[in-house]
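For reference, the chains in residue letters:
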Amino acid sequence: MFEILITLVVIGLVIGFLLFSNASSDVVVVGSLVLLMLFNVVTPNEALSGFISPGPLMVAGLFVVAAGLRETGMIERFAKHLLGRPRDLTTALFRLMVPVSFLSGFMNTTAVVAMYLPIVSDWSKRIGVSPSKLYMPLSFSSILGGQFTQLGTATNLVILGLYIDWISSPDAAWSLGLGDGPLSSAAEFWGVLVSGFPSAVIGIVFIALFSKWIIPPRVKQYEAAEDARRYEVVMRVDSGAPIIGTTIEEANLRSLPGLYLFGIERDSVMLHAVGPEERLQEGDLLHFAGVLESVVDLTRIRGLVPAEGDSGLHQSQRVLLEAVVSSEAPFIGRTVRECAFRTTYGAAIIGAFRSGQQRSGKIGDLTLEAGDTLLLDSSPGFANLYKDSRDFYLVSPVKGGRVVRHERAWISALILVGMIILLMTGLTDKVVAVWLAAMAMIGTRCLSGALARSSINWQVFLTIGGAIGLGTAVRASGLATVGADGFLEFASLLGDSPRLVLASVIVATALLAQFVTNYGAATIMFAVAVVIAETLELSPTPFVFGLMAGAGCNFLTPISYQTNLMVYGPGGYRFTDFMRLGIPLLAIVVVCATLFIPWVFPF
């Protein structure tokens, strides 16, 4: 009894801190594990087992895979073809959720969300929408899509495995009189679709139409600050570039916030005030003015290169840096070309900012003055070499300013496809498949080892691992058993209405899954559901698929499922934000499951 009380108090503290404080989720969850270990509710091995369980290990590896796709520019290609440039939030949500839900039916939902996270981050800036409006629908649509087939979520496989083991045991003899027996292969694979498909269709339509009023914009949409430095850069359309022949609009050159294309130099003639329908030609010099973040995004576009050349280093060694020219620099009063800046410093100037002045023309003709801020293409070692030099007041790397390795884009895509095939076919363990892909990204130089380490979101990793440990404590303390016994008594009162019993099982499983993980809820409630079916002399099959629907309803809290935790921080959400959208979705799933499952799998 003592362990149950301690566990209840700790869960209450976790919810309280997440609701009413600014403490980060990983600190709260890991802190709860420390308390549970302190009072001997769980052993250290039990509490920390979540950190070496498949869930968080897969998530960590998927962050590395996603980083490899981003560093090779493959994510931008995915975004262009899958998402486009919708004109309103409703259309944007449909274009996001439909492919996500479909993919989630055939591959691990965590992998789908990990792949889409950086896509959605970039996309939200381009279409001018708060990322908070997109991240939660991303997670929820993957959860809904996970109910299309047995492959969508491991919980379905856990429940199916429990049912197969049970149906072949002597304890299941009573159900054979009701016509129950081993499910066909088709029923095993597609049975969950009976309620999963209508739930997903109605749920996606509901989110697309109403989430704009339900989800608050916790993270403001990107807007360039009025006082932000605006660099002037000139980019050349390279030979063989895929954007040759496309319009400025189609090339997404007008979709970067805070960036303005003020002219195109073609055959030594400057075209001013070019319209969005102007088609790009090989060798065009594009003159831009914009904030640093959008200039960085501009350098990532395949087929655009600095007009006057880059640093000449290998792509894997090139980064962008900012340097402020000091009053003691020897090149003050001379043009970039005259001082041979690239030869002297091993860096190419690709953009410049001068406070209070606008300039146009070639970088080589720029006369350098003290206080000029230069955007440089150089090696990472430039910052260490010149940070104490009298030539520059300040030298700093640009966040996200690594040169995209476009030539390795298809290598990263093939690695992704290989990982998906392994995940779908089960030829190897899921964790092995993900980390094999992660190591392949590093081995093929799609990204470096240092970048792979920094790409892992450790807050997400710690929160997921800690949440699994918290679920272990709920089971180990006996709290889950007490709750299940109480529910069993309640369900026996509804014996006259099998559909109400089924609905109560689904709701109880869904509520339990919010705190003991969907795996724990599935395991606990399977035993309860079988006893209920036996007591009421009903077929257990509809309850099995009802358990799958309920265990998949991870909509109410951020700690209930890995994909929710993955979007919790980036979306800036509060704990209760998930309930605001999650409660209507839970109602949709319960109604669909209660109506459709008994229709295909009668009591």
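Undergrad: Just to check I follow, could you spell out the overall build of the chain for this structure?
TA: Along its length, the chain carries 24 helices and nine strands. Expressed as a percentage of its 603 residues, the buried residues of the chain come to 55%. Relative to all contacts within the chain whose residues are 6 or more apart in sequence, the contacts with residues 24 or more apart total 80%. Of the roughly 25000 Å² of accessible surface on the chain, 62% is carried by carbon and sulfur atoms.

Undergrad: Quick question: what am I supposed to make of the nonpolar core here?
TA: Nonpolar side chains tend toward joint burial in soluble globular proteins. Within the largest apolar cluster, 132 residues are counted, with the highest numbers of intra-cluster contacts made by Leu36, Leu96, Tyr116, Leu138, Phe140, Met419 and Leu581. Top contributing element to this core by residue count: helix H21 (residues 498-536), with 15 residues. Setting aside its immediate chain neighbours within four residues, Leu581 contacts Met136, Phe140, Phe206, Ile207, Ser211, Ile214 and Ile215.

Undergrad: How should I be thinking about the packing of aromatic side chains in this particular structure?
TA: The geometry of an aromatic ring pair comes down to the distance between the two centres and the angle between the two planes. Per the stated rule, a full pass over the model turns up 22 aromatic pairs. Here the aromatic rings of Phe51 and Phe461 are separated by 6.3 Å at their centres, their planes lie at 35 degrees, and the arrangement is tilted. Placement of the pair is Phe51 in the loop between helix H3 (44-48) and helix H4 (54-71) and Phe461 in helix H19 (residues 458-476), with a sequence separation of 410 residues. The burial state of Phe51 is the same as that of Phe461; both residues are buried. Summarising the aromatic geometry, the rings of Trp458 and Phe461 are spaced 5.6 Å apart at their centres and angled 80 degrees between planes, so their arrangement reads as edge-to-face. Remark: Phe461 and Trp458 occur in helix H19; sequence separation between them is three residues, near one turn of the helix. By relative accessible area, which is 13% here, Phe461 ends up buried. The lysine or arginine in question, Lys212, covers the ring of Trp213, its NZ or CZ lying 5.3 Å from the ring centre.

Undergrad: When you look at the pattern of salt bridges in this model, what are you seeing that I'm missing?
TA: Within the structure shown, the criterion is met by seven salt bridges. Across the pair Glu278 and Arg266 runs a salt bridge whose closest N-O atoms are separated by 3.0 Å. Of the two residues, Glu278 sits in the loop between strand S3 (269-272) and strand S4 (285-291) while Arg266 sits in strand S2 (residues 259-266), which places them 12 residues apart along the sequence. For Arg318, the salt bridge goes to Asp377, with nearest N and O atoms at 2.7 Å. Here the residue Arg318 occupies a position in the loop between strand S5 (304-306) and strand S6 (319-325), and Asp377 occupies one in strand S8 (residues 373-378), the gap between them amounting to 59 residues. Overlapping salt bridges bring together Arg218, Asp577 and Arg580 as one network.

Undergrad: I would appreciate a short explanation of helix H16 (residues 409-425) in the present structure.
TA: The periodicity of an α-helix, 3.6 residues per turn, causes residues three or four places apart in sequence to face the same way. For H16, with 17 residues, the first-to-last C-alpha span of 25 Å sits near the 24 Å given by 1.5 Å per residue. The complete set of buried residues in H16 reads Ala409, Ser412, Ala413, Ile415, Leu416, Met419, Ile420, Leu422 and Leu423. Looking one or two residues beyond H16, the residue adopting positive phi is Gly426, at roughly 70 degrees.

Undergrad: Quick question: what am I supposed to make of the pairing of strand S7 (residues 348-353) here?
TA: Where a strand is regular, its side chains alternate between the two sheet faces. Along S7, five of the six residues are buried, which leaves the element largely enclosed by surrounding structure. Strand direction decides the pairing type here: strand S1 (residues 230-237) and S7, joined by two bridges, are antiparallel. From the neighbouring strand, Glu232 faces S7, where its bridge partner is Ala352. Inspection of the sheet shows S7 paired to S8 by five bridges, in the antiparallel sense. Each bridged residue has a counterpart across the sheet, and for Phe353 the counterpart in S8 is Thr373.

Conventions adopted
The residue count restarts for each chain, going from 1 along the sequence in the order it is written. This being a predicted model, a pLDDT of at least 70 is required before a residue's local features are given, and a value of 80 or more before pairs of side-chain atoms are given or counted; all residues contribute to the totals for chains, interfaces and linings. Excluding hydrogens and water, the side-chain figures rest on all heavy atoms present in the structure. Numbered from the N terminus, helices here are DSSP runs of H or I no shorter than four residues, and strands are runs of E no shorter than two. Any residue under 20% of the maximum accessible area for its type is buried, any over 50% is exposed, and the rest in between are partly exposed; the area is computed with a 1.4 Å probe on protein chains only. Note on contacts: a residue pair is in contact if any heavy atoms of the two residues lie within 4.5 Å. Here, Shrake-Rupley sampling with a 1.4 Å probe gives the accessible areas, and only protein chains in the shown set may cover a residue. Note on terminology: a nonpolar core comprises buried Ala, Val, Leu, Ile, Met, Phe, Trp, Tyr and Cys residues joined through side-chain atoms within 4.5 Å. A pair of Phe, Tyr and Trp rings is counted when the ring centres sit within 6.5 Å of each other, with Trp represented by its six-membered ring. The angle between the planes then sorts it: under 30 degrees is stacked, over 60 is edge-to-face, the rest tilted. By the criterion adopted, a ring carries a charge over it if an Arg CZ or a Lys NZ lies within 6 Å of its centre and within 35 degrees of its normal. When a carboxyl oxygen of Asp or Glu is within 4 Å of a side-chain nitrogen of Lys or Arg, the pair counts as a salt bridge. A helix is expected to span 1.5 Å for every residue after the first. Pairing between two strands requires that DSSP report at least two bridges joining them.

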